[in-house]
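Survey of secondary and tertiary structure
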Amino acid sequence: MAQDVCPVGSEPTLSFTQGFIFGQLSIVLLLAAFIKFFIFGDRPSPEITASIRATERRSRTLAHKKSLLSLRESSTRQTGQQPTLNRKKSSILRPSPPTLTIGSILDKTYYKVDSHQPESLDWFNVLVAQTIAQFRSDAQHDDAILTSLTKALNGASRPDFVDEIRVTELSLGEDFPIFSNCRIIPVDEDGLNFQSGKAFDASKATREGARLQARMDVDLSDMITLAVETKLLLNYPKRLSAVLPVALAVSVVRFSGTLSISFVPSNPSENTPTKMTFTFLDDYRLDFSIRSLMGSRSRLQDVPKIAQLVESRLHRWFDERCVEPRFQEIALPSMWPRKKNTRGGDEAIADAERSMSKTKGMEVAKDLRMEARREVEAEADARVDRGHDSLRYRRRPRAEDLFSVSGSMPGAIPDLELPT
């Protein structure tokens, strides 16, 4: 019976020490590659980055329009299947005036959508520049902007591993945006153009929700800077295990795009006011200049990956708020004249008289206070002078004055003179 022979085990080609060293070298190489290509890698050029972002935004806008058109076709199909009721019009009520459509507005204002030349908006640029200049002047004498920014940066959305954020620099720039090439474009309730690329047909712009949209080009080249500093906190394995100081400065150096403004009429049945909506088309360009500084002793300055992450986050924030199909909506006050908003006329004269009487009363009260203060000061000075007179050094009397007494002393011998 043959005996079973155990196979001889193959010996490892590498010892434990060699394997440990090989593993450590692999980790070091991975860390070096990560630091070199991920943290200190070169950023792509601004032109390439802007082109990639514009392509992504354009594809997102086209997908949104395609979904809107498909929903509109399905709703039109369902509406056509429902029977319509013919209502008899009343012969007593006065017929209502015809509905004012965007076609009639364009006709009455002599604006030809297809042939009207874009406007330069020079007067509008002057008004905007004055407004921004006043805003910057007010900001120099008021800490409201700084307080609001600090409160917003340290709000509930601040993560736990980030210490308090402190604003170190705030610059509102020196130049002004330039608006140009303004044109009026009819759009439907979803903000889509009527037959883009074709002649405008006013008969097809009678649907409810159709409105006129003003589009204008915006260009700004400036240096608007916000600089902050904070600390990154490492709370593992225990709280505040490590602290990394971080300083970041973000500057907007250029913005160019197309601004779209339109008015949404009020709806009395739903008690909604007139609203103004504005948004930017997806062909905008926004360039930043980002500076960073990390560490306290060994500092890392202007890390490219940090600048890329911050810029991507800022673009996403802007896209999610005011780039089509999203828009900002502002409720407008009523334009009808009201008594509480009236200025000028007799009321202005009465207000001026009240202000003058109030000013005169304040001046009289101020004069009385000054006169009372002068009287108190004069009385105090007189009291001080009397005190100085009572404490003034008096002349020492002479011997003749001490012993020259009128009359005779009791017990004195008459006609007796003392020898001198």
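Residues numbered from 1 in each chain as written. Predicted model: local features only at pLDDT ≥ 70, side-chain atom pairs only at ≥ 80, totals over all residues. Heavy atoms only, no water.

An unreviewed UniProt entry annotates the protein as Maintenance of mitochondrial morphology protein 1 of Corynascus novoguineensis. Taken directly from UniProt, the Sequence similarities (unreviewed entry) text for the protein runs: "Belongs to the MMM1 family." UniProt, in the comment section headed Subunit (unreviewed entry), describes the protein in these words: "Homodimer. Component of the ER-mitochondria encounter structure (ERMES) or MDM complex, composed of MMM1, MDM10, MDM12 and MDM34. A MMM1 homodimer associates with one molecule of MDM12 on each side in a pairwise head-to-tail manner, and the SMP-LTD domains of MMM1 and MDM12 generate a continuous hydrophobic tunnel for phospholipid trafficking." (UniProt positions renumbered as here; feature names shortened; annotations may be inferred.)

Our focus in this paragraph is the pairing of strand β5 (residues 275–280). Looking at chain direction, strand β4 (residues 242–264) and β5 are connected through 6 bridges and run antiparallel. Bridge pairing in β5 links Val264 to Lys275. Here 4 bridges tie β5 to strand β8 (residues 328–331), and the two strands are oriented antiparallel to one another. Its bridge partner lying in β8, Thr277 is registered against Glu329. (Pairing = 2+ DSSP bridges. Helix = DSSP H or I, 4+ residues; strand = E, 2+ residues; numbered from the N terminus.)

So, on to the pattern of salt bridges. Applying the stated criterion across every chain yields a total of 9 salt bridges. Two residues, Arg166 and Glu229, come together in a salt bridge whose shortest N-O distance is 1.9 Å. A residue pair is termed long-range when its members are at least 10 positions apart, and Arg166 in strand β1 (residues 166–171) and Glu229 in strand β3 (residues 211–234) qualify at 63 residues. For Glu229, a relative accessible area of 30% translates into the label partly exposed. (Salt bridge = Lys/Arg side-chain N within 4 Å of Asp/Glu carboxyl O. Buried < 20%, exposed > 50% of the residue type's maximum accessible area, 1.4 Å probe, protein only.)

Right, let's talk about the nonpolar core for a bit. Counting 20 residues, the largest nonpolar core has Phe179, Met216, Phe255 and Phe318 as the members making the most contacts within it. Of all the secondary structure elements, the ones that give two or more residues to this core are β2 (178–187), β3, β4, β6 (285–294) and α6 (304–322). At 4 residues, α6 tops the list of elements feeding residues into this core. Excluding residues that lie within four positions of it along the chain, Met216 makes contacts with Leu121, Phe179, Ser180, Asn181, Cys182, Arg183, Gly257, Thr258, Leu259 and Ile261. (Core = buried A, V, L, I, M, F, W, Y, C linked by side-chain atoms within 4.5 Å. Contact = heavy atoms within 4.5 Å.)

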